[in-house]
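Coordinate inspection notes
So the chains spell out like this:
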Amino acid sequence: MNLLERFIKYAKYETTSDPLSEKSPSTETQMAFAAVLADDIEEAGLKNVKISSGGIVTAELPATEGCEDLPVIGFIAHMDTSPDMSGRNVNPIIIEIYDGNDIVFPKGVDILSPKDFPDLKNHLGKTLITADGSTLLGADDKAGIAEIIEAIIKVLENDIPHGKVMVAFTPDEEIGRGVENFDISSFGADFAYTVDGGAVNLIQYECFNAASLKVSVSGFNIHPGTAKDKMVNASLIAMEFDSMLPVQMRPQFTEGYEGFFHLSKMSGSEQQASLFYIIRDHSKQLFEEKKSLALKICDFLN
Ligand SMILES: [Zn+2]
């Protein structure tokens, strides 16, 4: 199996996480995939392979002779994919030599165009992998998992001397619970790298504060013909909530360290409405201010 084959194999497993679940991992499919990964890394030559009750797969590559005193390095990737789009029956499409044109998916209506994603032009002549338009691909972060395993296989095949290396594959990163049951001390790495997203050669060494926000509005529904002074339209109150958040704090208007409120999902009727947001800020203080602003708006509307 090479890197591409390994990635395609993993992309086909459904591992969508579920923000509404209280279990760990949030979905059974992740636990099933954890078992596949545990088998694969054992076969690759990793030792002490374990799956925790929360679905975290860990393993180690013992140091080679003479390298036992080097720092222990960890590599981490997440096995779940975003609940924002279906991850069932993923059908990866391989474009062997990318020619710089629009990519038309066989299913669905979206087109991947360098006009919208100028970054595509950096990959002329390279092999691209996309989904077929009906699902996500799950390269975030099955690519990270495949890369870590293949890198370790290369180190072993080529007898490259190394210190002890720890590996962890975690569930539920996409719903903000990736580190919930992660036992840092038993993992035992002095330094660890998350292999996830971003461009080739890019290293990020900072992280933002993150929260999710669910706003539930209960209204009062009554026939519109007799609604005067009685109807409380939950959908309109939800829209009012959103209108009270600072417009400039939306992802499309922010960059760099600027934080945001991102409305990721909404549903509503006269009776009931829900808004789902993610809140991000590098500054802990501005992050806390964003959370308390959301609560103040709720208080005001109540
Ligand atoms: Zn990711």
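Residue positions are given per chain, counted from 1 along the sequence in the order it is written. The predicted nature of this model means local features are confined to residues of pLDDT at least 70 and side-chain atom pairs, given and counted, to a pLDDT of 80 or more, with totals for whole chains, interfaces and linings taken over all residues. Computation of side-chain values covers all heavy atoms of the structure but excludes hydrogens and water.

**Here's the deal with the domain arrangement of the protein**
How large an interface is tends to be reported as the accessible area lost when its parts come together. All domain edges in this entry derive from an automatic or database-based domain assignment. Once the domains are mapped, the protein shows domain 1 (3-90 + 135-194), domain 2 (94-134) and domain 3 (209-301). Between the C-alpha centres of domain 2 and domain 3 the distance comes to 35 Å.

**Considering the coordination of the zinc ion**
Here the zinc ion is held by the protein donor atoms His78 (NE2), Asp140 (OD), Asp196 (OD) and Asp196 (OD), which lie 1.9 to 2.6 Å from it. Between the 4 donor atoms coordinating the zinc ion, the angles at the centre fall across 55 to 134°, so the site counts as irregular. Donor residues for the zinc ion, ordered by position in the chain, follow H-x61-D-x55-D. Here Asp140, found in helix H3 (residues 139-157), pairs with Asp196, found in the loop between strand E9 (191-194) and strand E10 (209-218); they are 56 residues apart in sequence, far enough to count as distant. Buried residues are those whose accessible area, probed at 1.4 Å on protein chains only, stays under 20% of the maximum for their type, while exposed residues exceed 50% and partly exposed ones sit between those limits. Assessed through its relative accessible area of 37%, Asp140 is described here as partly exposed. Donor atoms are limited to N, O and S found within 2.8 Å of the metal ion, a distance that becomes 3.2 Å for Na, K and Ca. With water left out, some sites might look partial. Think of it this way: with four donors and all angles in the 85 to 135 degree range, the site is tetrahedral; with four or six donors, opposite ones beyond 155 degrees and the rest between 65 and 115, it is square planar or octahedral; otherwise it is irregular. We count a stretch as a helix when DSSP gives it H or I for four or more residues in a row; a strand needs E for two or more, and each element gets its number in order from the N terminus.

**Let's talk about the sheet that holds strand E8 (residues 165-170)**
Taken together, the 5 strands give an open sheet; going across it, the order is E1-E2-E8-E3-E9, and neighbouring strands pair in mixed fashion. Among the strands making up the open sheet, the edge pair consists of strand E1 (47-51) and E9. Strand after strand, the sheet turns through a mean of 15° between neighbouring axes, direction not considered. Two strands pair under a simple rule: DSSP has to find at least two bridges between them. When strand E3 (residues 73-78) meets E9, the two strands line up parallel, connected through 4 bridges. Paired with Ile76 across the bridge in E9 is Thr194. Across the face of the sheet, helix H2 (residues 28-44) comes into contact with E1, strand E2 (57-61) and E8 while running at roughly 175° to E1. Helix axes are fitted only over the stretch in contact, all axes being lines through C-alpha atoms; the angle between N-to-C directions runs from 0 to 180 degrees. What makes two residues a contact is simply this: any of their non-hydrogen atoms within 4.5 Å.

**Looking at the environment of Lys9**
Position of Lys9 relative to the elements: it lies in helix H1 (residues 3-11). Taking relative accessible area as the criterion, Lys9 reaches 28% and is therefore assigned partly exposed. Distance from Lys9 to Leu20, taken between C-alpha atoms, is 28 Å for residues 11 residues apart in sequence. Setting aside residues no more than four positions away along its own chain, Lys9 makes contact with Met1, Val36 and Asp40.

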